[in-house]
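The residues making up each chain are set out below.
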Amino acid sequence: MAGRVRRKQGLAEAERRAATAAVLSDRCALCDRPLGRRVEWHHVVPRSEGGRDTVPLHPICHRAIHAAADNAALARAGTLDAIRDWPAIARFLGWIADKPPDFHAPTRRGVA
């Protein structure tokens, strides 16, 4: 049990650091483009899995994350760095890189 508690504390600390860095820079925590007029807040570790801290994302980036994985997979990943390595998210990040901050398009589920 102590290992699980330490793991959750470590995840919470990583979330806090990521949230602070993203807010201070006014950049999307996933794609690192400047944030636009609309900002959505994402729990890196889902609330259902004990996550508390949030990071700012573009709406399209938020939808891409949830289209690529369910809450259990997000909890297993634990960090945005791990999520960026997923093939579907890596393709998305390459595609979105040159789009303006307020760009939005439909998001398809299961593009992995």
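Thresholds applied
- Residues numbered from 1 in each chain as written.
- Predicted model: local features only at pLDDT ≥ 70, side-chain atom pairs only at ≥ 80, totals over all residues.
- Heavy atoms only, no water.
- Helix = DSSP H or I, 4+ residues; strand = E, 2+ residues; numbered from the N terminus.
- Contact = heavy atoms within 4.5 Å.
- Areas by Shrake-Rupley, 256 points an atom, 1.4 Å probe, with all protein chains shown as cover.
- Axes fitted to C-alpha atoms, helices over the stretch in contact; angles between N-to-C directions.
- Parallel < 35°, antiparallel > 145°, perpendicular 65-115°, else oblique.
- Left-handed = near helix turned anticlockwise from the far one by under 90°.
- Nonpolar A, V, L, I, M, F, W, Y, C, P; charged D, E, K, R; others polar.
- Buried < 20%, exposed > 50% of the residue type's maximum accessible area, 1.4 Å probe, protein only.
- Core = buried A, V, L, I, M, F, W, Y, C linked by side-chain atoms within 4.5 Å.

How would you explain the overall build of the chain if you had to name every residue and give the values?
A count of helices and strands for the chain gives five helices and two strands. Along the chain direction, N to C, the helices and strands of the chain fall in the order α-β-β-α-α-α-α. Partitioning the contacts of the chain with sequence separation of at least 6, the portion at a separation of at least 24 is 58%. Carbon and sulfur atoms form 52% of the exposed surface of the chain, whose accessible area is close to 6,800 Å².

Tell me about the packing of helix α2 (residues 59–68) against helix α5 (residues 87–96), residues and numbers included.
It is at 10 Å that the axes of α2 and α5 come closest, and there the two elements cross at 160°. If you check the angle between α2 and α5, you find them roughly antiparallel. In terms of crossing hand, the pair formed by α2 and α5 is right-handed. In contact with I60, C61, A64, I65 and A68 of α2, α5 contributes A88, I89, F92, W95 and I96. When its residues are assigned to classes, the contact of α2 with α5 shows ten nonpolar, no polar and no charged.

Got a sec to walk through the environment of N71? Specific residues and values, please.
If you trace the backbone, N71 turns up in helix α3 (residues 71–77). Judged by relative accessible area, N71 falls into the partly exposed class, the value being 34%. Separated by 23 residues in sequence, N71 and S48 place their C-alpha atoms 7.7 Å apart. Setting aside anything within four residues of it in sequence, one finds N71 in contact with P46, S48, E49 and H66.

Residue-level account of the nonpolar core, with values.
Residues L30, L57, C61, I65, L80 and F92 are the most contacted members of the largest nonpolar core, which totals 23 residues. Secondary structure elements with two or more residues in this core: β2 (54–57), α2, α3, α4 (80–84) and α5. Once residues lying within four places of it in the same chain are set aside, the contact partners of I65 are L30, H42, L57, L74, L80, I83 and I89.

By themselves, these are just geometric observations and shouldn't be taken as functional.
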